[in-house]
Amino acid sequence: MPQFFLNKRLIVLLISIIVLVALIGFSLRERSKLSWPEQFLKDTAGLVQSLVSKPAHLVAGFFENLQDLQNTYEENKELKSRMEKLVSLEAQVQELKKDNKELRDILGEEETLRDFEPLQATVIGRNPDRWHEMIIINKGKTNGIKKNMAVVTAHGLIGKVKTVNQFSSTVQLLSAMDPKNRISAIVQGETNVFGLVEGYDKEKKALLIKAIPSGVEIKKGQNVITSGLGGVFPQGLPIGKVIDVKPDQYGLNQTALVEPGANFYDLENIIVITRSMAQPNEADMGEGKEEEDL
Amino acid sequence: MKKFLLPLLFLILFLLESIFVQYIPPEVFGKNYILAPHFLFGGILFLTIYAGRKYGIIYGAIFGLLFDIVWIEIIGIYFFLFPLIAYLISKIMHVLQTNIIVAFLVSLVGIALLELGVYEMDFLIHITTLEFKSFITMRFYPSLILNAVFLLIAAYPLKRHFESFVESLRDE
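Model, not experiment: these values are computed from the prediction.

Right, let's get into the environment of Leu107 of chain A. All names here are of chain A. Within the secondary structure layout, Leu107 lies in helix H4 (residues 72-107). For Leu107, a relative accessible area of 67% corresponds to the exposed category. Considering only alpha carbons, one finds Leu107 and Ala150, 43 residues apart in sequence, at a separation of 29 Å.

So this is what it looks like as structure tokens:
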């Protein structure tokens, strides 16, 4: 036995395993914000990254422009054909907007779940380890970003703010595996169907929308948007399109596979969404801790 | 001046990984392979082989911690694995001759160990539910090939740099 304790390397290994478990346990527990040394380090790293990412964006943008030039002609043709439809659509939207406003005035409801304020941000880094799908953006607490805000691109939802530092923040993408990462969603159709975005199928590259009742019929190609019922996200942010539906493990629910509208790669400029309508107080929502559905 | 060159080199590798991932297309050669760069760790392994175990473990620990805090937000995974694998590699190098081809192959073994170690840890704490088989075909082999290409390009400059670093230490 004394020989066992004399083996210095074994002791070091054992101690470091204990420290490892303790550190992982410390960082895995529910943290509302990071400790200040972590925030300081992340902000410093963010500063360096934003310096480096600017020339990198420029170079990448140059090559992208070259690629775009190649198929300009075909794109132009397609866009022209779409333009004609757009004019009539615009008139329709205008009319509906006016209608909607009048009706709202009659009802006396001013704020809706749909109202939000956009906040532009630039991606300055991405997690190279690729298990935890996260990006770092150049706006932080000083710009008014808070935890759990929705993050979108022009094509749809890409994720939510995971942690906030003073001058930078971390965004967790929808493609990240995190059981706490749930988003309340609507599958649009003749009747709206509610479900929860829960997880990502890496092999099929599709989001999984679970907890859809088994009686409801869902077709391919239906649009999926956020419902705004979770408390933080506004209503109506596009998520993607249904590509497949399959029954759940026990046949009680269905799971819809949704192809995300936004590309999770090659992100450069993103928009952080601040919902205008206040979030309900946790105390008002009943007793007990509820699951975090966004 | 020369003292700052080494941390600066690793800092560049640290940032290079992120930039690489940011601009990599989602589909490589028509398949959705996941290419994970380990340029930083490749550099640390070369440091271990050419400048000695002490430097490898110290740099492994510092940059592992930095990596965990800045990218992963779970402290411990790389903080533990970087120095551990650097130590194992230095043990292996006791048996083998130090030449550039051996260093290249041993570094690849180290990167493979890192990939497997991180996969096992992430699987344990439910960060991933990817099956082992899909992990091997989707991520493990493509990443190894990517890092082999990087090491092929960087092996000689890294070797030269670390050797001159060791010499400058001896002169002092």
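Before going further, it helps to spend a moment on the packing of helix H3 (residues 53-72) of chain B against helix H4 (residues 77-95) of chain B. Residues and elements named next belong to chain B. Where H3 meets H4, the axes come as close as 7 Å, and the angle between the chain directions of the two elements is 155°. Here H4 runs roughly antiparallel to H3, going by the angle between their axes. The interaxial crossing formed by H3 with H4 has right-handed handedness. Contacts between H3 and H4 pair Arg53, Gly56, Ile57, Gly60, Ala61, Phe63, Gly64, Leu65, Phe67, Asp68 and Ile72 from the former with Ile77, Tyr78, Phe79, Phe82, Pro83, Ala86, Tyr87, Ser90, Lys91 and His94 from the latter.

Facing the 46 residues of chain B at the interface are 45 residues of chain A. When the two sides are added together, the surface that chain B and chain A hide from each other amounts to roughly 4,200 Å², 67% of it contributed by carbon and sulfur. Counting the surface chain B buries against chain A, the share from its top three residues, Gln22, Trp71 and Glu73 of chain B, is 18%. In this structure, Glu73 of chain B and Lys42 of chain A form a salt bridge, with 2.4 Å as the shortest nitrogen-oxygen distance.

The next subject is empty space enclosed by the protein. For the structure on display, the rule yields four cavities of 30 Å³ or more. Taken as a whole, the largest cavity holds about 130 Å³ of empty space. Residues belonging to the lining of the largest cavity are distributed by class as follows: six nonpolar, two polar and four charged.

Now for the side chain of Asp201 of chain A. Residue and element names in this part refer to chain A. Mapped onto the fold, Asp201 is located in strand E7 (residues 193-201). One buried charged side chain, Asp201, makes no salt bridge at all; its nearest oppositely charged neighbour is Lys204, positioned 4.5 Å away. Polar side-chain contacts of Asp201 include one of 3.2 Å to the backbone nitrogen of Lys204. Among residues more than four places away in sequence, those in contact with Asp201 are Ala206, Leu208 and Leu257.

All right, on to the confidence of the model for chain A then. Of all residues in chain A, 91% attain a pLDDT of 70 or more, and the chain-wide mean is 84. In the predicted structure, residues 287-293 of chain A sits below a pLDDT of 50 and forms ten contacts with residues beyond four places in sequence or in another chain.

Attention now moves to the sheet that holds strand E6 (residues 182-187) of chain A. Residues and elements named next belong to chain A. Spatially, the six strands close up into a barrel ordered E6-E7-E8-E11-E10-E9, and their pairing is antiparallel. Strand-to-strand, the axes of this sheet are offset by a mean angle of 45°, without reference to chain direction. Taken together, the three bridges between E6 and strand E9 (residues 223-226) define a ladder with antiparallel strand orientation. Bridge pairing in E9 links Val187 to Val224.

Residue and element names in this part refer to chain A. Around the barrel, which closes on itself, the six strands sit in the order E1-E2-E5-E4-E3-E12 with antiparallel pairing between neighbours. For this sheet, the mean angle separating the axes of adjacent strands, direction not counted, is 45°. Sheet topology note: the strand E1 (residues 116-126)/strand E12 (residues 269-275) ladder contains seven bridges and is antiparallel. Residue pairing for E12: Ala121 is matched across the bridge by Ile270. Docked against the sheet, helix H3 (residues 36-70) engages E1, strand E2 (134-137), strand E4 (156-164) and strand E5 (169-173), running at close to 85° with respect to E1.

Residues and elements named next belong to chain A. A positive phi angle is found at Arg130, which is not glycine, with a value near 65°. In this fold, Arg130 is placed in the loop between E1 and E2. Overall, Arg130 belongs to the buried group, its relative accessible area being 3%.

Grouped together as the largest cluster of nonpolar side chains are 62 residues, with contacts concentrated most on Phe10 and Leu40 of chain B. Those elements that place two or more of their residues in this core are helix H2 (8-28) of chain A together with helix H1 (2-23), helix H2 (39-51), H3, H4, helix H5 (100-124) and helix H6 (132-171) of chain B. Sort the elements by how many residues they give to this core and H6 of chain B lands first, with 13 residues. Residue contacts for Leu40 of chain B: discarding those within four places in its chain leaves Phe10, Leu13, Phe14, Glu17, Phe63, Phe67 and Phe82 of chain B. Formed by 41 residues, the second largest nonpolar core is a distinct cluster that contains Ala121, Val171, Ala185 and Val224 of chain A.

Further remarks concern a positive patch on the surface. Together, Lys8 and Arg9 of chain A together with Arg53 and Lys91 of chain B line one region of the surface with positive charge. Counting through the fold element by element, Lys91 of chain B comes out in helix H4.

Quick look at H4 of chain B now. The terminal C-alpha atoms of H4 of chain B lie 28 Å apart, and with 19 residues this matches the ideal 27 Å at 1.5 Å per residue to within 8%. Among the residues of H4 of chain B, Ile77, Tyr78, Phe80, Leu81, Phe82, Pro83, Ile85, Ala86, Tyr87, Ile89, Ser90 and Met93 of chain B are the ones counted as buried. At its buried positions, H4 of chain B is contacted by H2 of chain A together with H2, H3 and H5 of chain B.

What follows concerns the pairing of E12 of chain A. Pairing analysis gives three bridges linking strand E3 (residues 150-153) of chain A to E12 of chain A, with the strands arranged antiparallel. Within E12 of chain A, the residue paired with Val152 of chain A across the bridge is Ile271 of chain A.

On to the pattern of salt bridges. All told, the structure shown has seven salt bridges over all chains when counted by the stated rule. Residues Asp105 of chain A and Lys101 of chain A are paired through a salt bridge, measuring 4.0 Å at the closest nitrogen-oxygen approach. Here Asp105 of chain A pairs with Lys101 of chain A, and both are found in helix H4, just four residues apart, close to one helical turn. Given the relative accessible area of 52%, Asp105 of chain A is considered exposed. Here the residues in one salt-bridge network are Lys42 and Lys162 of chain A together with Glu73 of chain B, joined through shared partners.

Criteria and thresholds
Residues numbered from 1 in each chain as written. Chains lettered and ligands numbered in written order. Predicted model: local features only at pLDDT ≥ 70, side-chain atom pairs only at ≥ 80, totals over all residues. Heavy atoms only, no water. Helix = DSSP H or I, 4+ residues; strand = E, 2+ residues; numbered from the N terminus. Buried < 20%, exposed > 50% of the residue type's maximum accessible area, 1.4 Å probe, protein only. Axes fitted to C-alpha atoms, helices over the stretch in contact; angles between N-to-C directions. Parallel < 35°, antiparallel > 145°, perpendicular 65-115°, else oblique. Left-handed = near helix turned anticlockwise from the far one by under 90°. Contact = heavy atoms within 4.5 Å. Buried area = accessible area lost by both parts, 1.4 Å probe. Salt bridge = Lys/Arg side-chain N within 4 Å of Asp/Glu carboxyl O. 1 Å grid on protein atoms, 1.4 Å probe; cavity = no way out; pocket = protein on both sides within 12 Å on 5 of 7 lines; lining within 4 Å. Points joined across faces, edges and corners; volume = space filled by probe spheres on them. Nonpolar A, V, L, I, M, F, W, Y, C, P; charged D, E, K, R; others polar. Lys, Arg positive; Asp, Glu negative; His and termini not counted. Polar contact = N/O pair within 3.5 Å; in protein donor to acceptor, adjacent residues only side chain to side chain. pLDDT = per-residue confidence, 0-100. Pairing = 2+ DSSP bridges. Core = buried A, V, L, I, M, F, W, Y, C linked by side-chain atoms within 4.5 Å. Patch = residues over 30% accessible without salt bridge, like charges linked within 9 Å, V, L, I, M, F, W, Y side chains within 5 Å. Areas by Shrake-Rupley, 256 points an atom, 1.4 Å probe, with all protein chains shown as cover. Charge placed at Lys NZ, Arg CZ, Asp CG, Glu CD. Expected span 1.5 Å × (residues − 1).

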